[in-house]
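So the chains spell out like this:
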Amino acid sequence: MTRDHGVAFHRYRQELGGVPVLGAQVVVTDARGRAGDLFVDTSRRLRAPAAATVARAAAVGAARRAAGARRLREPARASEAILPARIGARRVWRVLLASAEPFASLEVLVDARSGRVLRTRDLLQRATGAASIYDPNPVVANGGTAGLADAGDADSALLTSLRVPKALPRLDDSTCLRGSFVEATLEPGDPDASTPAGDVCSPTLAFGDVTRSDNRFEALMAYFHVDRAQSYVQSLGFPNILNGRIRAKVDAPIPGDPSEAGQDNSFFDLLTGELTFGTGYADDAEDAETIVHEYGHALQDAQIPGFPLTAS
């Protein structure tokens, strides 16, 4: 029971044979001097389904495999529940997975008689940011190179106008560019940079005023385009290909011979599992085609470790 503004709210969970019915409850309000009023009723007329034949451990294993939860933050929890169906009801195992890799708090419903996974959903409350970025790059958006010049990473009216507003989904509660599929950070590549290296953060997650002359712009590009690429892969029916957070480092210094400091260089590192986007000419992470290309190498490595260098 809870009380608000002098009104008591009594909440009752529907059960069948002591097993809770998912999404089924009755809420009754009770104000002073009045009889109780029915406020919410999502209960169902159901017949208790047959007993479970799938063991708890087997249900947890099926849930982890279906969710691709490679590592957990705490032990899995599972309890029997009843899932209302169009005809009748199903007895299920409600498996809760605090996944560390990928980072998620998952509810997985496993049919308690067949072992089939019926539903998976992430219970984490995530944030969505906003930015104006290139999709895919200024040359494509402009229909050619006319009027475009890098000019030392400077803004121009044309380059600014070619940005398009985009949502930045699946961010965690850090207020930085850290989400389910990617973490985008700045590297200390330019000692004269106005934006310090490290996390790119905003308490409002509103980055709409960031333009290409601001080093944070490349981090916004990397976050959006890697996140969208992974979401697209999952929409094709492949939920477990690199379904985790990859680090994307933008405006990175060029490794190797100091004489090469002005050259372009971007890569996926097989040893660290990170993406790196360099500078030189236009910054590499201002081009979505470059971002997705390097992420493609990470996807290949996730399926065949070491690809294409794997020796038999």
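See the structure shown above.
Residues numbered from 1 in each chain as written. Predicted model: local features only at pLDDT ≥ 70, side-chain atom pairs only at ≥ 80, totals over all residues. Heavy atoms only, no water.

Enquirer: Just to check I follow, could you spell out the packing of helix H4 (residues 216-235) against helix H5 (residues 288-303) for this structure?
Expert: A pair of packed helices is characterised by two quantities: the angle between their axes and the separation of those axes. At a minimum axis separation of 9 Å, H4 and H5 run at an interaxial angle of 50°. Relative to H5, H4 is oriented oblique. Both H4 and H5 take part in a crossing whose hand is right-handed. On H5, the residues touching Met221, Ala222, His225, Val226, Ala229, Gln230 and Val233 of H4 are Ala288, Ile291, Val292, Tyr295 and Leu299. Residues that form the contact of H4 with H5 fall into these classes: 10 nonpolar, 2 polar and no charged. (Axes fitted to C-alpha atoms, helices over the stretch in contact; angles between N-to-C directions. Helix = DSSP H or I, 4+ residues; strand = E, 2+ residues; numbered from the N terminus. Parallel < 35°, antiparallel > 145°, perpendicular 65-115°, else oblique. Left-handed = near helix turned anticlockwise from the far one by under 90°. Contact = heavy atoms within 4.5 Å. Nonpolar A, V, L, I, M, F, W, Y, C, P; charged D, E, K, R; others polar.)

Enquirer: Just checking my understanding: could you explain the environment of Ala104 for this structure?
Expert: Looking at the secondary structure, you find Ala104 in strand E8 (residues 103-111). Accessibility expressed as a relative area gives 5% for Ala104, which makes it buried. Sequence separation between Ala104 and Ala67 is 37 residues, and the spatial gap between their C-alpha atoms is 9.8 Å. Once you skip the residues sitting within four places of it in the chain, Ala104 turns out to touch Arg73, Leu97, Ala98, Ser99, Asp122, Leu124 and Arg126. (Buried < 20%, exposed > 50% of the residue type's maximum accessible area, 1.4 Å probe, protein only.)

Enquirer: What is the right way to read the nonpolar core from this model?
Expert: Counting 38 residues, the largest nonpolar core has Leu168, Leu177, Phe207, Leu220, Ile246, Leu275 and Tyr295 as the members making the most contacts within it. At the level of elements, strand E10 (127-133), strand E11 (164-171), strand E12 (182-186), H4, strand E15 (246-252), strand E17 (274-278) and H5 are the ones that each hand at least two residues to this core. Beyond its immediate stretch of four places on either side in the chain, Leu168 contacts Ala127, Thr128, Gly129, Ala130, Ala131, Leu177, Phe207, Leu220, Tyr223 and Phe224. With 17 residues, the next largest nonpolar core counts Ala62, Ala69, Val95 and Ala112 among its residues. (Core = buried A, V, L, I, M, F, W, Y, C linked by side-chain atoms within 4.5 Å.)

Enquirer: Honestly, unusual backbone geometry in this entry has me stumped. Any pointers?
Expert: Glycine aside, residues mostly have negative phi angles, and peptide bonds mostly take the trans form. Looking along the chain, the bond that leaves Glu101 and enters Pro102 is cis, with omega of 0°. Checked against the element boundaries, Pro102 lands in the loop between strand E7 (89-101) and E8. Backbone torsion omega between Asp135 and Pro136 reads 5°, so that peptide bond is classified as cis. Mapped onto the fold, Pro136 is located in the loop between E10 and helix H2 (138-142). For Asp153, which is not glycine, the phi torsion reads 70° and is therefore positive. Tracing the sequence through the fold places Asp153 in the loop between H2 and helix H3 (157-161).

Enquirer: What's the story with the pairing of strand E6 (residues 77-84) in this structure? I'm lost.
Expert: For a regular strand, side chains alternate in direction, first toward one face of the sheet and then toward the other. With 8 bridges connecting them, E6 and E7 associate as antiparallel partners. The partner of Ala81 across the bridge, within E7, is Val92. Between E6 and E7, which pair antiparallel in sequence order, lie 4 residues; one of them, Gly88, sits at a positive phi of approximately 80°. (Pairing = 2+ DSSP bridges.)

Enquirer: Sorry, what's going on with the sheet that holds E15 here?
Expert: Strand pairing in a sheet relies on backbone hydrogen bonds. The paired strands run either parallel or antiparallel. Reading across from one edge, E13-E12-E15-E17-E16 is the order of the 5 strands in this open sheet, with mixed pairing throughout. Pairing within the sheet leaves two strands with one partner each, and these edge strands are strand E13 (198-199) and strand E16 (266-269). Against the sheet, H4 contacts E12, E15 and E17, and its axis sits at roughly 165° relative to E12. Sitting on the sheet, H5 is in contact with E15, E16 and E17, with an inclination near 15° to E16.

Enquirer: Quick question: what am I supposed to make of the environment of Asn215 here?
Expert: Tracing the backbone through its elements, the reader meets Asn215 in the loop between strand E14 (206-207) and H4. Separated by 36 residues in sequence, Asn215 and Asp251 place their C-alpha atoms 7.2 Å apart.

Enquirer: Looking at this model, I keep getting lost on the pattern of salt bridges. Mind explaining?
Expert: Oppositely charged side chains may form a pair once their charged atoms are brought near each other. Within the structure shown, the criterion is met by 22 salt bridges. In this structure, Asp111 and Arg90 form a salt bridge, with 3.9 Å as the shortest nitrogen-oxygen distance. Of this pair, Asp111 sits in strand E8 while Arg90 sits in strand E7, and the two are 21 residues apart along the sequence. You can call Arg90 partly exposed: its relative accessible area is 33%. (Salt bridge = Lys/Arg side-chain N within 4 Å of Asp/Glu carboxyl O.)

Enquirer: Looking at this structure, how should I read the sheet that holds E11?
Expert: Read from one edge to the other, the open sheet built from 3 strands follows the order E11-E10-E14, with strand pairing classed as mixed. Two strands close off the open sheet at either side, each with one partner strand: E11 and E14. Packing of H4 onto the sheet brings it into contact with E10, E11 and E14, and relative to E11 it is tilted by some 65°.

Treat this as a map of the structure, not an account of what it does.
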